[in-house]
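# Structural overview
Listed below, chain by chain, are the residues.
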Amino acid sequence: MDEGLSKAVLKVFVELYRQGLIYKDKRLVNWDPKLLTAISDLEVVPTESQGHLWYFKYPIQNAGKLKKKFITVATTRPETMLGDTAVAVHPDDKRWKPYIGKMVALPLTDRLIPIIADEHADPEQGSGAVKITPAHDFNRKTVIDPIGGKRVGVIPPSDLAGVVQMHEVTEDNIN
């Protein structure tokens, strides 16, 4: 886009922002790895695919007299583990109820994350535990992390170098 069009687009965005018609926020987007840009929900065509389940044991810290010393979580996306902020179990699941509030060590890093109660976890599926990766999963983004809602990025900044550029909007660069 030439400089004149770029300034016009920026000016319109700033005006829409000031009118409260658009806003800036951190949220999940549909990232297209080929186009290297975010795309609209309307442009996404969800398709089912046959995946593979990977099983990981998350060691339970300070389990004391509790019977289980780890919690097994199955995932089709092991590469997102680094963004995990919790492991959720259903609040009514008797197997895991005594473990709610305990901490587990995230495999590979030993970073501690909590076991939380959440109705997203299905006691009938697998171990009944689900990993919470809010920076990745649209289905889990609404699950509140009890440690202040922190999100852990799953894409190293070096992978985004040259892809995303942030510009400060000022009166000087929109007129």
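These numbers come from a predicted model, not from an experiment.

### Quick word on the pairing of strand S8 (residues 129–132)
Of the two faces of S8, the one lined by Ala 129 and Lys 131 and the one lined by Val 130 and Ile 132 are each fully buried. Where strand S5 (residues 86–89) lies against S8, four bridges are found, and the strand directions are antiparallel. Looking at S8, one finds that Ala 88 is bridged to Val 130.

### A closer look at the confidence of the model for the chain
On average, residues of the chain score 78 in pLDDT, and 74% of them are at 70 or above. Confidence, read as mean pLDDT per element, is least for strand S1 (residues 30–32) in the chain (78) and greatest for strand S6 (residues 103–105) (95). Below pLDDT 50 for its whole length, residues 144–175 participates in 40 contacts with residues either more than four positions away or in separate chains.

### Some remarks on the pattern of salt bridges
Per the counting criterion, the structure on display carries four salt bridges. The shortest N-O distance in the salt bridge between Asp 84 and Lys 131 comes to 2.8 Å. Within this pair, whereas Asp 84 is found in the loop between strand S4 (70–75) and S5, its partner Lys 131 is found in strand S8, the two being separated by 47 residues in sequence. For the residue pair Asp 84 and Lys 131, the accessibility class agrees, reading buried in each case.

### Here we look at unusual backbone geometry
Although it is not a glycine, Leu 108 sits at a positive phi angle of roughly 85 degrees. Within the fold, Leu 108 resides in the loop between S6 and strand S7 (112–117). The phi torsion at Asp 110 lies on the positive side, around 65 degrees, for a residue other than glycine. Within the secondary structure layout, Asp 110 lies in the loop between S6 and S7. Overall, Asp 110 belongs to the exposed group, its relative accessible area being 56%.

### Examining helix H1 (residues 3–18)
For H1, with 16 residues, the first-to-last C-alpha span of 23 Å sits near the 22 Å given by 1.5 Å per residue. The N-capping residue of H1, defined by a side-chain oxygen 3.1 Å from the backbone nitrogen of Gly 4, is Asp 2. At the exit of H1 stands Gly 20, carrying a positive phi of roughly 75 degrees.

### Some points on the packing of aromatic side chains
Summed over all chains, the structure comprises one aromatic pair. Measuring from ring centre to ring centre gives 5.4 Å for Trp 96 and Tyr 99, while their planes differ by 65 degrees; the resulting arrangement is edge-to-face. The burial state of Trp 96 is the same as that of Tyr 99; both residues are buried. Directly above the aromatic system of Trp 96 lies the positively charged group of Lys 68, at a separation of 5.0 Å from the ring centroid.

### Here we look at the nonpolar core
One recurring pattern in soluble globular proteins: nonpolar side chains tend to sit buried together. Counting 15 residues, the largest nonpolar core has Tyr 58, Ile 60, Ile 71, Val 87 and Val 104 as the members making the most contacts within it. Of all the secondary-structure elements, those providing two or more residues to this core are S4, S5 and S7. With near-sequence residues (within four places) excluded, Ile 71 lies in contact with Phe 56, Lys 57, Tyr 58, Ile 60, Val 87, Val 89, Trp 96, Val 104 and Ala 129. With six residues, the next largest nonpolar core counts Ala 86, Ala 88, Ile 116 and Ile 132 among its residues.

The rules behind these values
Residues numbered from 1 in each chain as written. Predicted model: local features only at pLDDT ≥ 70, side-chain atom pairs only at ≥ 80, totals over all residues. Heavy atoms only, no water. Buried < 20%, exposed > 50% of the residue type's maximum accessible area, 1.4 Å probe, protein only. Helix = DSSP H or I, 4+ residues; strand = E, 2+ residues; numbered from the N terminus. Pairing = 2+ DSSP bridges. pLDDT = per-residue confidence, 0-100. Contact = heavy atoms within 4.5 Å. Salt bridge = Lys/Arg side-chain N within 4 Å of Asp/Glu carboxyl O. Expected span 1.5 Å × (residues − 1). Polar contact = N/O pair within 3.5 Å; in protein donor to acceptor, adjacent residues only side chain to side chain. Phe/Tyr/Trp six-rings, centres within 6.5 Å; stacked < 30°, edge-to-face > 60°. Lys NZ or Arg CZ within 6 Å of the ring centre and 35° of its normal. Core = buried A, V, L, I, M, F, W, Y, C linked by side-chain atoms within 4.5 Å.

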